[in-house]
Amino acid sequence: MATPEAAAAPVADMSEVLRVRDLVVSYGAVSALRGVSLHVGRGEVVALLGANGAGKSTMLRTISGLMLPKSGEIRFLGQRIDGIPPARIVRLGLAHSPEGRRLFGSLTVAENLRLGASTRSDRSGIEADRERLYALFPVLKERARQQAATLSGGEQQMVALARALVARPKLLLLDEPSLGIAPIIMQQIFASLAELKSSGVTMLLVEQNMSMALDLADRAYVLRTGKVSLEGDARELKTNYEEVAAAYLGASR
Amino acid sequence: MIRPAALLSLLAPLVLVAVVTAAAPRLVNDYAVRVLIVMCINAVLVASMGVANGFTGVFSLGHVGFVAVGAYASGILSLPLAAKHAYLSDLPHWLGSFSLPFLPATIVAGLVCTALAFVVGAPLMRLSGYFVSVATLGFLIIVNVILINAVDYTRGARTFTSVPRETTLPWAVGWLAVTLLVLSRIVYSPYGRRYRAVREDTIAAQAIGISVLPTRLSAFMVGAFFAGVGGSLYGHYLGSFSPASFYMAYTFSLISMLVIGGMQSLTGAVAGVIVVTLASEVLRNLERGIDFGAFSVPPLYGASQIVLGIIFILVMIFRPSGIMGDRELTPGLLYSRKRRPPEEYL
Amino acid sequence: MNMDLYVVQQVINAVSVGSLYALVAIGLSMVFGILRMTNFAHGDMMMVGAFAALVLGAAGLPFWLAALGGIVIAAIAGIVVERVAYRPVRGSPDVTLLLTSLGVTYILENLGILIFTSSPRNFPIPDLMNSSIQFMDGQITFTAINVVTVVLTAVSLSALGWFVTRTDAGLGTRATAEDLGAARLVGLDVNRLIVTAFAIASAFAGLAGVLWAAQAGIVEPDMGFTPLLKAFVAAIIGGFGSIAGALVGGYVLGALEVLIVAFLPSEVSSYRDAIVFAFLIAFLLFRPNGLLNRAQEVKL
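Residues numbered from 1 in each chain as written. Chains lettered and ligands numbered in written order. Predicted model: local features only at pLDDT ≥ 70, side-chain atom pairs only at ≥ 80, totals over all residues.

**Brief notes about the overall build of chain A**
Rule in force here: Only DSSP runs of H or I reaching four residues or more are called helices, and only runs of E reaching two or more are called strands; each is numbered from the N terminus. In this treatment the radius of gyration is a C-alpha quantity, and the globule benchmark scales as 2.2 Å times the residue count to the 0.38 power. Any residue pair is listed as a contact if its two C-beta atoms, each placed from the backbone, are within 7 Å.
If you tally the helices and strands in chain A, you get 11 helices and 10 strands. Computed over C-alpha atoms, the radius of gyration of chain A comes to 18 Å, within 12% of the 18 Å expected from 2.2 N^0.38 for 253 residues, which places it in the range of a compact globule. Across chain A, contacts joining residues at least 24 apart in sequence account for 69% of those joining residues at least 6 apart.

Dropping the structure here:
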């Protein structure tokens, strides 16, 4: 829990946006994360890879407060956030675009974006950001007045991204953006993500599509059955394909 | 596996009192006997409500509707001919021409309720969650309206009197024993496991081939039978009643007993009845005001119900599974079912 | 009597009754939409509003001010109930939520009996309100109260519509009703939105209570019971969880009731309430999403 000393801890590593230490999370008797540590620096894009069930989504959900860890600590901008309710974590500057996107289907695209800015109060800033996002994803501007549920999968993913970004988050958690989306659209989306990265957005990306994730990311971790089985520079990992595959499935295979 | 006989051993003290009452009426306190009779009747009703409700995950708010039907049906059947001619003179001829003794009247009432439960339950038991609760509440209201309007049969909103007061403690205890025996045999049998499967996870139950509708319907019908029986017992205890006796107040009373005692346990039903009845009696006596020497608490009529309501809500907040949770109390053995994994934060 | 005029009179009656049902049903649907709970205590907010107005009026306030006070107090009561009884059980299974609301209604009604006794009391309204307006040689009659009812309902509905579509809080409420988890994820203060929804819903019920008491001339502690059940029917007819549905359902129910009483022989029409609930059951079976097919999804 966020104790006074923790909050007052030296803001030593302001370049470090997220640090997770020895995180243990279980669903009842089943352990999903068995002591995971990772960190994300300012401006970095870090990829979290692994097979289904390795614990990637659980990781993100625990960081954003949707799940309570059994033990371990999570520090966001130096402050402990494990155990804090999700709404407060979001207000600290963390945005989570969850698995399945979870848009407000019956509301319009524009309304979804407006909701994304719920934690901000600077009118002009919000509008400027919204225009920038419309420029990045022109199709959203076209469909601004359409109900979100009527959009295609790719367009919905853009809405989800835009909604998370309009909060001007200090850290963006992205859960499986490529799920259910045609590869061509995915290229577009990842291109937009690259643009965002160059404008300084810090991201922790969970992704099944390993090659696209490694192209975008600076560093990556591979999770296997709840533990980190490999970590390193994204470019290196991309060339050492077999190493990564082994890390996915386990050396015993 | 619970052996029903083990459950019944709990009733031993009651049986003792019943025997004593029958054999030596003057020895036992009249007031206590009356309280015990009411508790036994309520236990029959709460246990049957539990089977219709808690065990299959459907919360029917219409149980008291069946109780009403049971009371009126058995009352009409067992009313002495003189009374029938006197003030139910518009009854159809065949009904007005005979009068049944207590036991057959009770059983017929139960069967009538079972048939009614089939008619009502067949369409309703396929609904889920709050839909079923609102629909069964609708049933309760429809019963109430019909009873008030079918003046020829029921004297409408006026009191229905002269029902022979046949419910003695031995009868009440006897029926309670039968109820618990039958219900525990059903609920803890392989068939009964279907009930719990349907409650715990409807989709999973369907996946292994348990058909949800017939399972819920059978539980509903069994519950209705004993509701009818209980209604007959109650009617023959009161001797006179009206449709208002079987409406929202009684519904809440029974629900609070069910909830406080534990919705998924037959012992819980009995425990809930005992706790709530005793608490109500104590509180009701306090309503008349207490004197602590120098200061006194003024009479607060209705306060006892408020306190009960508050206790009810506290139970919902802190221990929704009630006193017994899903355990049954058998001598020397606490039988507990597996706990479900804790829910996520969101 | 001219048949056309008779029909017009019945339409007026239906609109008047329907407005009240709509007011109560909207609050019921709002709370269900945002919390997925059926609030049986909603009807008691009518009682709170009416009794508060009664007391304030007896204390010397002019009628309209007393009525306003009643509405405000009903809103506050709704907020208190949410905080004390419903928030602690949020997230519990449906049955628990339903039972908790039953407990609350039990407490509130008995509290009413304790404070005011169960006998009905007169609800005095200014003579102006009671004055009747007649057309066509008295074949069409309605009182000022009917007019006030319809006008106030229209005003409230417009205000609600503006709130829901044009304010951030209204947008937040719609978002929370659609997906509470996602609402949290975008940083919405879900607790505050829920409180807002309860306040509005209870205020509407309070208004309905005052109007109902004004029309009936009396108040009693269990006055909210029947309207609540009717409001359920209305909300379900229109599609439970949808505000627009509650509105439509309220007027449909009003029309239905008037049809039953005005056009059926009296032996049958005394079964009016039973017929209404039979309709409810029919809807639940055959059109559970309501006329507008817009009910909120319910878990199996």
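After that view of the structure, there is still more to cover.
**Quick word on the overall build of chain B**
Each helix and strand in chain B was counted, giving 16 helices and four strands. Considering only residue pairs separated by 6 or more positions, chain B has 79% of its internal contacts joining residues 24 or more positions apart.

**A few points about helix H7 (residues 102–124) of chain B**
Selection rule: Expected span of a helix, by definition, is 1.5 Å for each gap between consecutive residues, and there is one gap fewer than residues. Residues are called buried when their C-beta atom has 20 or more other C-beta atoms within 10 Å, exposed when it has 12 or fewer, and partly exposed otherwise; all C-beta atoms are positioned from the backbone.
The terminal C-alpha atoms of H7(B) lie 32 Å apart, and with 23 residues this matches the ideal 33 Å at 1.5 Å per residue to within 8%. Burial in H7(B) covers these residues: B:Ala105, B:Thr106, B:Ala109, B:Gly110, B:Val112, B:Cys113, B:Thr114, B:Leu116, B:Ala117, B:Val120, B:Gly121 and B:Leu124.

**Focus on the environment of C:Val190**
Checked against the element boundaries, C:Val190 lands in helix H9 (residues 190–216). On the neighbour-count criterion, C:Val190 (21 C-beta atoms within 10 Å) is buried. Once you skip the residues sitting within four places of it in the chain, C:Val190 turns out to touch A:Ala87, C:Thr176, C:Leu180, C:Ala183 and C:Arg184.

**Let's talk about the packing of helix H3 (residues 30–52) of chain B against helix H15 (residues 266–287) of chain B**
Residues and elements named next belong to chain B. Test applied: Here the axes come from fitting lines to C-alpha atoms, over the contacting stretch only for helices, and the angles between their N-to-C directions go from 0 to 180 degrees. Here is the rule for angles: anything less than 35 degrees is roughly parallel, anything more than 145 is roughly antiparallel, 65 through 115 is roughly perpendicular, and the remaining ranges are oblique. In a left-handed crossing the near helix is turned counterclockwise from the far helix by less than a right angle, and in a right-handed crossing that turn is clockwise. Throughout this entry, Asp, Glu, Lys and Arg are counted as charged residues, while Ala, Val, Leu, Ile, Met, Phe, Trp, Tyr, Cys and Pro are counted as nonpolar. The remaining residues, Gly among them, count as polar.
Contact geometry for H3 and H15: axes closest at 8 Å, N-to-C directions at 140°. What the angle tells us is that H3 and H15 run oblique. As for the relative orientation of H3 and H15, their crossing is right-handed in sense. Every residue of H15 that contacts H3 at Val35, Val38, Met39, Asn42, Ala43, Val46, Ala47 and Gly50 is listed here: Leu266, Ala269, Val270, Gly272, Val273, Ile274, Thr277 and Glu281. Classifying every residue of the contact of H3 with H15 gives 11 nonpolar, four polar and one charged.

**Section: unusual backbone geometry**
Look at A:Thr225: it is not a glycine, yet its phi comes out positive at around 40°. By the secondary structure assignment, A:Thr225 is in the loop between strand E9 (219–224) and strand E10 (227–233). Overall, A:Thr225 belongs to the partly exposed group, with 15 C-beta atoms counted inside 10 Å. Positioned with a positive phi, B:Ser162 is a non-glycine residue whose angle comes to about 70°.

**As for the interface of chain C and chain A**
Every contact between the two is made by 15 residues of chain C and, on the other side, 20 residues of chain A. Those elements that place two or more of their residues in the side of chain C that touches chain A are helix H7 (168–178) and helix H8 (180–185) of chain C. Per-element tally for the side of chain C that touches chain A: the top contributor is H7(C), with five residues. Residue composition of the side of chain C that touches chain A, by class: seven nonpolar, three polar and five charged.

**Here we look at the sheet that holds E10(A)**
Residues and elements named next belong to chain A. Just so we agree on the cut-off: At least two bridges found by DSSP between two strands is the condition for calling them paired.
Taken in spatial order, the six strands make up an open sheet running E6-E7-E8-E3-E9-E10, and their pairing is mixed. Every other strand in the sheet has two partners, leaving strand E6 (94–97) and E10 as the edge strands with one partner each. For this sheet the average axis-to-axis angle between neighbouring strands, irrespective of direction, equals 15°. Of the pairings in the sheet, the one linking strand E3 (residues 45–50) to E9 comprises five bridges and is parallel in character. Each residue of the ladder has a partner; that of Leu48, found in E9, is Tyr221. Sitting on the sheet, helix H2 (residues 56–63) is in contact with E3, E6, strand E7 (171–175), strand E8 (203–206) and E9, with an inclination near 145° to E7.

**So, the pairing of E3(A)**
Residues and elements named next belong to chain A. Within E3, six of the six residues are buried, leaving the element largely enclosed by the surrounding structure. The two faces of E3 match: Val45, Ala47 and Leu49 on one face and Val46, Leu48 and Gly50 on the other face are all buried. Of the strand pairs in this sheet, E3 and E8 are connected by four bridges, and their pairing is parallel. Following the sheet pairing, Val46 is matched in E8 by Leu204.

**Regarding the pairing of E7(A)**
All names here are of chain A. The condition that has to hold: By convention, a crossover is right-handed whenever its connection, traced from the first strand over the helix to the second and viewed with the strands pointing away, goes clockwise.
Within E7, five of the five residues are buried, which leaves it mostly tucked inside the rest of the structure. Neither face of E7 is exposed, since Leu171, Leu173 and Asp175 on one face and Leu172 and Leu174 on the opposite face are all buried. Where E6 and E7 come together, four bridges link them in parallel fashion. Residue pairing across strands places Leu94 opposite Leu171, the latter belonging to E7. Across four bridges, the pairing between E7 and E8 is parallel. Paired with Leu172 across the two strands is Met203, which belongs to E8. For the segment spanning E7, helix H8 (residues 183–198) and E8, crossover handedness is right-handed.

**With respect to the nonpolar core**
The test is simple: Core membership is restricted to buried Ala, Val, Leu, Ile, Met, Phe, Trp, Tyr and Cys residues, and these are joined into a nonpolar core through C-beta atoms within 7 Å.
A:Leu205, B:Val44, C:Val24 and C:Ala50 are the most contacted members of the largest nonpolar core, which totals 272 residues. Here this core gets 17 residues from one element, more than from any other, and that element is H9(C). In contact with C:Ala50, not counting residues within four places along its chain, are C:Gly70, C:Phe123, C:Gly209, C:Val210, C:Trp212, C:Ala213, C:Val219 and C:Met223.

**Concerning the interface of chain B and chain C**
Counting residues at the interface gives 34 residues for chain B, matched by 37 residues for chain C. Listed by contribution, the elements that provide at least two residues to the side of chain B that touches chain C are helix H8 (129–149), helix H12 (202–207), helix H14 (248–261) and helix H16 (303–318) of chain B. With 12 residues, H8(B) is the largest single contributor of residues to the side of chain B that touches chain C. Along the lines of polarity and charge, the residues of the side of chain B that touches chain C split into 25 nonpolar, nine polar and no charged.

**Quick look at the confidence of the model for chain A**
Residue and element names in this part refer to chain A. We apply this condition: Each residue carries a pLDDT score, the predictor's own confidence in it, on a scale running from 0 to 100.
Looking at chain A, the pLDDT average stands at 86 and 93% of residues meet or exceed 70. The weakest mean pLDDT in chain A belongs to helix H1 (residues 4–8) at 42; the strongest belongs to E8 at 94. Contacts for the low-pLDDT stretch residues 1–12, under 50 throughout, to residues beyond four places or in other chains number 12 contacts.

**Focus: the sheet that holds strand E1 (residues 16–27) of chain A**
All names here are of chain A. The sheet built from four strands is open, its strands ordered E2-E1-E4-E5 with antiparallel pairing. If you trace the sheet from one side to the other, it starts and ends with strand E2 (30–41) and strand E5 (79–80), each paired once. Here E1 runs beside E2; their pairing, made up of nine bridges, is antiparallel. Opposite Tyr27, over in E2, you have Val30 as the bridge partner. Lying on the sheet, H2 is in contact with E1, E2 and strand E4 (71–76); it crosses E2 at an angle near 70°.

**Observations regarding the packing of helix H3 (residues 63–86) of chain C against H9(C)**
Residue and element names in this part refer to chain C. Packing of H3 against H9 leaves a shortest axis separation of 7 Å and a crossing angle of 140°. When the axes of H3 and H9 are compared, the pair comes out oblique. For the element pair H3 and H9, the recorded crossing hand is right-handed. Facing H3, whose interface residues are Ala67, Gly70, Ile71, Ala74, Ala75, Ala77, Gly78, Ile79 and Glu82, H9 presents Ile194, Val195, Phe198, Ala199, Ala201, Ser202, Ala203, Ala205, Gly206, Leu207, Gly209 and Val210.

**Brief notes about the confidence of the model for chain B**
Residues and elements named next belong to chain B. In the predicted model, chain B carries a mean pLDDT of 79, and 75% of its residues have values of at least 70. Ranking the helices and strands of chain B by mean pLDDT puts helix H4 (residues 63–78) first, with 93, and strand E4 (residues 333–335) last, with 39. Counted against residues more than four places away or in other chains, residues 331–346, with its pLDDT under 50, gives 19 contacts.

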